[in-house]
Amino acid sequence: MPARVVYFNIDGGLDYENQLLAEWGVADKIELVGVTTPDNAEDTFVEAVADADGVLVEYFEVTRAVMERLPKLKVISLQAIGVSNVDLDAATDLGIGVTNTPGFCSEDVALHTVGMIIDLVRKISFLDRSVRAGHWNPMLGGLPTRVSGKTIGLVFFGSIPKLMVPILQAIGLRVIVYAPTKSAEYLEEYGVEKVDSLDELLATSDIVSLHTPLLPETRHLIGKRELELMKPTAFLINTARGSVVDEPALVEALTTGQIAGAGVDVIEDEDTETSDLFSLENVLITPHAAFISEESLADGRRIALQQLVQRLVFNEAPENLVNMGTGTR
């Protein structure tokens, strides 16, 4: 019998995935089943995945209670980089492998982030809105300043900020990095400077760009205290995860002039798609779109499927395994 995999609430059909299985010569070894439902309840998920060896999800929260009800499940493939929506400890305890798709959208997010920086510094979207509102006045919002000679601080240093560095340096920015797991020598290879604390980066930077995964220790990494350390002329960019920033504290900082502006591709409440940030003129907002391109979506789908094939067809530890559950089931 072929291994059964459920794609739970994943947009689009499975023609591309089935084409890949045929190209890889394993189409008869694995069966893909798409389940799309507006009901995100645990019971609905468990019913859909009950007979599956594997499941592919993007945002659904897979808790210990859910996994305990799925004794046949061997692997959870996340069509995403972040893994905060899966209880990794529980998966490990239950012998379920969890995989992700690192790097599938690094180029796209890097370019989007740099675009946000340039937009904020040059007031491009702000001036576009003002013209459309009937104001042909290049002085609205105050005079911009050049970025050459200024400092940008990158919080963490994975594949996305690495791609940003050459562009940032080309427009004259000094790049400093807070990355506790990276040595100064390692960062020097990329032509950037290591700072020893987040506080130092926040106080020094004219632009702060966040590139952290959402973990218990990074939730609200940037809060009221951290925002108060920033320069009143500084910009904050978040293309990581919404909850890395304490959103009410950010709204207050932007409203009171504690910082000059922000660019965000993510918000804390993406379930209801609402935020007090939406009403602020000094905020540039995109709808969690930084990762999207034709190429990135295809790459993400291919990488996520590869993990399932490695585990369920070849009984190997998947390349992007993020926990110790190598498949004891």
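Refer to the structure above for everything that follows.
Only a predicted model underlies this, so the values are computations on that prediction, with no experimental measurement involved.

## Let's talk about the overall build of the protein chain
Then, number 1: From N to C terminus, the protein chain includes 12 helices and 12 strands.
Then, number 2: Its C-alpha atoms give the protein chain a radius of gyration of 22 Å, within 12% of the compact-globule value 20 Å for 329 residues.
Then, number 3: The principal-axis extent of the C-alpha atoms belonging to the protein chain is close to 70 × 50 × 35 Å.
Then, number 4: Each of the 329 residues in the protein chain was classed as buried or not, and the buried ones make up 48%.
Then, number 5: Taking as baseline every contact in the protein chain between residues at least 6 positions apart, the subset at least 24 positions apart corresponds to 63%.
Then, number 6: Carbon together with sulfur atoms contributes 53% to the accessible area of the protein chain, which is approximately 15900 Å² in total.
Then, number 7: Considering the protein chain, the positive charge centre built from 25 side chains and the negative charge centre built from 49 side chains are found 4 Å apart.

## What about the sheet that holds strand β12 (residues 283–285)?
Then, number 1: Taken in spatial order, the seven strands line up as β8-β7-β6-β9-β10-β11-β12 in an open sheet, and their pairing is parallel. On the outer flanks of this sheet lie β8 (193–194) and β12, each paired with one strand and no other.
Then, number 2: Along the sheet, helix α7 (residues 159–170) makes contact with β6 (151–155), β7 (174–178) and β9 (207–210), crossing β6 at roughly 175°.
Then, number 3: Running at roughly 140° to strand β11 (residues 261–264), helix α11 (residues 247–256) makes contact with β10 (235–238), β11 and β12 of the sheet.

## So, the layout of surface pockets
Then, number 1: Taken as a whole, the largest pocket spans an internal volume of roughly 1600 Å³.
Then, number 2: The wall of the largest pocket is formed by 46 residues, among which E58, Y59, E270, D271 and H288 lie closest to the centre.
Then, number 3: When residues in the lining of the largest pocket are grouped by element, the largest group, three residues, is from helix α12 (residues 294–312).
Then, number 4: Lining of the second largest pocket is provided by 39 residues; of these, I81, I160, H211, T212 and P213 occupy positions nearest its centre.
Then, number 5: Secondary structure elements with two or more residues in the lining of the second largest pocket: α5 (106–122) and α7.
Then, number 6: Here the residues of the lining of the second largest pocket sort into 22 nonpolar, 13 polar and four charged.

## Some words on α5
Structurally, the α-helix is built with 3.6 residues per turn, so residues lying three or four positions apart point the same way.
Then, number 1: Compared with the 24 Å implied by 1.5 Å per residue over 17 residues, the 24 Å span of α5 between its first and last C-alpha is a close match.
Then, number 2: Within α5 the residues assigned to the buried category are S106, D108, V109, A110, T113, V114, M116, I117, D119, L120 and V121.

What counts and what doesn't
Residues numbered from 1 in each chain as written. Predicted model: local features only at pLDDT ≥ 70, side-chain atom pairs only at ≥ 80, totals over all residues. Heavy atoms only, no water. Helix = DSSP H or I, 4+ residues; strand = E, 2+ residues; numbered from the N terminus. Rg over C-alpha atoms; globule rule 2.2 N^0.38 Å. Buried < 20%, exposed > 50% of the residue type's maximum accessible area, 1.4 Å probe, protein only. Contact = heavy atoms within 4.5 Å. Areas by Shrake-Rupley, 256 points an atom, 1.4 Å probe, with all protein chains shown as cover. Lys, Arg positive; Asp, Glu negative; His and termini not counted. Charge placed at Lys NZ, Arg CZ, Asp CG, Glu CD. Pairing = 2+ DSSP bridges. Axes fitted to C-alpha atoms, helices over the stretch in contact; angles between N-to-C directions. 1 Å grid on protein atoms, 1.4 Å probe; cavity = no way out; pocket = protein on both sides within 12 Å on 5 of 7 lines; lining within 4 Å. Points joined across faces, edges and corners; volume = space filled by probe spheres on them. Nonpolar A, V, L, I, M, F, W, Y, C, P; charged D, E, K, R; others polar. Expected span 1.5 Å × (residues − 1).

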